[in-house]
Amino acid sequence: MRVPLMAGNWKMYKTQGEAAKFVAEFVPLIEDVSGVEAALCPPFTALAATAEALRGSGVSLGAQDCFWEEQGAYTGQVAPKMVVDAGCKYVIIGHSERRGRFGQVPGDWTPQVRALFGDNDATVNRKAKTALAAGLTPIICMGETADERDRGETDTIVRRQLAGALEGVPAEQVASLVIAYEPVWAIGTGRTCAASEANRVIGLIRAAVRETFGAAPGAGIRIQYGGSVKPDNAAEIMRQPEIDGALVGGASLKPADFAAIVAAGAARAARM
Ligand code: PGA
């Protein structure tokens with residue numbers, strides 16, 4: 001039985017004080033919700049404060065990225081054990097915004113500037129392995145851009161990203177992972193992927209996991225949908241049999257909105 005995971009990715013929003021205020025409002029709203037796991041992924045600087053505010057709530061904490069080395073002279077990087085130390089269970093890895101794959105960016109973001117967002121399948125693979133070794137559960141993101149979808153490349157891109165991310169990861173670890181299928185064109189745009197199409201691609205990801213790693217990882221791995229999930233479309237998304245949760249950006253910034261989305265995950269859990 002896969003417990004739906006409804007995770008909020010706060011991206012570059014919220015100070016420590018704002019995070020604590022969110023938690024104080026959010027936790028009472030989901031008190032009676034069961035059968036679903038909620039997680040918050042604040043920026044690094046608010047992790048410890050959010051962990052403190054969440055204590056005893058049952059809501060999990062995640063980081064938005066981590067590096068693949070345990071320690072060293074890597075200015076600005078954050079090691080997996082540091083996010084564990086801050087209270088994290090999850091870490092988002094390979095979000096399209098970390099791969100430099102945005103829907104739209106300001107015109108003066110030249111290729112040189114965009115190179116800052118340097119994740120690719122090889123770095124995602126390294127990050128996933130070191131995160132797992134540190135005891136974290138990676139939420140590995142993948143998805144096609146609008147151009148790739150228009151060219152009919154969605155399935156190929158997603159299969160390639162999956163194979164690259166999981167290369168050399170032992171089958172028993174794959175079963176405990178989380179994948180987030182996030183079409184780049186649906187992120188932050190208000191354009192959701194049709195629930196049936198998200199279900200199709202997620203089914204394809206699950207089939208690829210089964211082929212490569214076996215039946216148990218295929219059945220056990222949780223695969224979320226992400227991209228403009230809102231209170232008014234969450235129920236339809238969560239009605240899809242292959243979709244095990246949501247990775248939510250904009251709508252996770254408001255306690256009432258995110259609580260409604262978590263409740264949609266609970267409704268799905270109740271049906272299973
Ligand atoms: P969005 O972001 O919900 O704001 O579209 C989703 C994500 O990037 O994880």
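Residues numbered from 1 in each chain as written. Predicted model: local features only at pLDDT ≥ 70, side-chain atom pairs only at ≥ 80, totals over all residues. Heavy atoms only, no water.

A. Fine view of the environment of M1. Tracing the backbone through its elements, the reader meets M1 in the segment before β1 (5-9). Linking M1 and G220, residues 219 residues apart in sequence, is a C-alpha distance of 7.6 Å. (Helix = DSSP H or I, 4+ residues; strand = E, 2+ residues; numbered from the N terminus.)

B. The pattern of salt bridges, seen in detail. For the structure shown, the criterion picks out 19 salt bridges. The closest approach of N and O atoms between R2 and D244, which form a salt bridge, is 2.9 Å. With R2 in the segment before β1 and D244 in the loop between α11 (231-238) and β8 (245-248), this residue pair connects regions lying 242 residues apart in the sequence. Looking at R2, the relative accessible area reads 19%, which means it is buried. Measuring nitrogen to oxygen at the nearest pair gives 3.2 Å for the salt bridge that ties R98 to D65. One end of the pair, R98, is in the loop between β4 (90-93) and α4 (111-114); the other, D65, is in the loop between β3 (60-63) and α3 (80-85), with 33 residues separating them in the sequence. (Salt bridge = Lys/Arg side-chain N within 4 Å of Asp/Glu carboxyl O. Buried < 20%, exposed > 50% of the residue type's maximum accessible area, 1.4 Å probe, protein only.)

C. Representation of the site of the ligand. Around the ligand sit 13 residues, and of these K11, H95, E182, G188 and S228 come closest. One of the backbone nitrogen or oxygen atoms of G249 is found 2.8 Å away from an oxygen atom of the ligand. When the ligand sits alone it has 280 Å² of accessible area, and the protein chains cover 97% of it. When its residues are assigned to classes, the shell around the ligand shows four nonpolar, seven polar and two charged. (Near = heavy atom within 4 Å. Polar contact = N/O pair within 3.5 Å; in protein donor to acceptor, adjacent residues only side chain to side chain. Areas by Shrake-Rupley, 256 points an atom, 1.4 Å probe, with all protein chains shown as cover. Nonpolar A, V, L, I, M, F, W, Y, C, P; charged D, E, K, R; others polar.)

D. Spatial organisation of the nonpolar core. Counting 69 residues, the largest nonpolar core has F26, I205 and Y225 as the members making the most contacts within it. A total of eight residues in this core trace back to one element, the largest contributor, which is helix α9 (residues 195-213). Beyond its immediate chain neighbours, meaning those up to four positions away, I205 contacts M142, V158, L162, I179, Y181 and I223. Ranked by size, the runner-up nonpolar core spans 11 residues in total, among them L5, I139, A180 and L247. (Core = buried A, V, L, I, M, F, W, Y, C linked by side-chain atoms within 4.5 Å. Contact = heavy atoms within 4.5 Å.)

E. Quick look at the pairing of β3. Of the two faces of β3, the one holding S60 and G62 and the one holding L61 and A63 are both buried throughout. Taken together, the two bridges between strand β2 (residues 37-41) and β3 define a ladder with parallel strand orientation. Opposite A39, over in β3, you have S60 as the bridge partner. You can see the chain leave β2, run along helix α2 (residues 47-54) and come back into β3, and the turn it takes is right-handed. Pairing between β3 and β4: two bridges, direction parallel. Bridge pairing in β4 places G62 opposite Y90. For the segment spanning β3, α3 and β4, crossover handedness is right-handed. (Pairing = 2+ DSSP bridges. Right-handed = clockwise from strand over helix to strand, strands pointing away.)

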